[in-house]
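Structure assessment
Take a look at the letters that make up each chain.
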Amino acid sequence: MGITVKGKGKAISRKRRHFRLRKKISGTTTRPRLVVTRSSRHMVAQIVDDTVGKTLVSASTLEADVRALDGDKTAKATKVGSLVAERAKAAGIDSVVFDRGGNKYHGRVAAVADGAREGGLAL
């Protein structure tokens, strides 16, 4: 039985890729999942423990200190990655599983991962 996906073109493809990815990736208490959500304007990164279904840490470009940054969207995505890593370290999280959300691993999605690595998270 397959997945039923509503939408058009690229959205359907991204949802299919994300469904395929989520069959293999799951966050645990010892190694939660770093979820990256990308829209045309913003990036959101959350660290989720799938065993209890709870978001442990999050960061986004919607926050005032990230919005105030000068630079392009990729620079802001890198800042989101470093912010989520900093907050994860404060919560006692050292290692995560990276969930790219069905997006290709390049550009802003890769920038979030690089920022998290620079912040000390092991992906």
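Above this text you will find the structure in question.
Presented here is an overview of the structure given in this document. Everything numeric here is computed off the predicted structure, so don't read it as measured data.

Of the pockets and cavities examined, the largest pocket occupies roughly 280 Å³. Forming the boundary of the largest pocket are Lys 10, Ala 11, Ser 13, Arg 14, Arg 17, Arg 38, Asn 103, Lys 104, His 106, Gly 107, Arg 108 and Val 109. Elements with a contribution of two residues or more to the lining of the largest pocket: helix H1 (9-24) and helix H4 (108-118). Tallying contributions element by element places H1 first for the lining of the largest pocket, with five residues. Across the lining of the largest pocket, the residue classes tally to two nonpolar, four polar and six charged.

Counting 23 residues, the largest nonpolar core has Leu 34, Ile 47, Val 84, Ile 93 and Leu 121 as its most contacted members. Mapped onto this core, the elements with two or more residues apiece are strand S1 (33-38), strand S2 (43-49), strand S3 (54-60), helix H3 (73-90) and H4. By residue number, the principal contributor to this core is H3, which donates six residues.

This paragraph deals with the environment of Ile 25. If you trace the backbone, Ile 25 turns up in the loop between H1 and S1. Considered as a pair, Ile 25 and Phe 98 are 73 residues apart in the sequence and their alpha carbons are 8.3 Å apart. If sequence neighbours within four positions are ignored, Ile 25 has contacts with Arg 33, Val 97 and Phe 98.

Attention shifts here to H4. Of all eleven residues that make up H4, eight are buried, and the element is covered over most of its length. The complete set of buried residues in H4 reads Arg 108, Val 109, Ala 110, Ala 111, Val 112, Ala 113, Gly 115 and Ala 116. Buried-residue contacts for H4 involve S1, S2, H3 and strand S4 (97-99).

About the thresholds
- Residues numbered from 1 in each chain as written.
- Predicted model: local features only at pLDDT ≥ 70, side-chain atom pairs only at ≥ 80, totals over all residues.
- Heavy atoms only, no water.
- 1 Å grid on protein atoms, 1.4 Å probe; cavity = no way out; pocket = protein on both sides within 12 Å on 5 of 7 lines; lining within 4 Å.
- Points joined across faces, edges and corners; volume = space filled by probe spheres on them.
- Helix = DSSP H or I, 4+ residues; strand = E, 2+ residues; numbered from the N terminus.
- Nonpolar A, V, L, I, M, F, W, Y, C, P; charged D, E, K, R; others polar.
- Core = buried A, V, L, I, M, F, W, Y, C linked by side-chain atoms within 4.5 Å.
- Buried < 20%, exposed > 50% of the residue type's maximum accessible area, 1.4 Å probe, protein only.
- Contact = heavy atoms within 4.5 Å.

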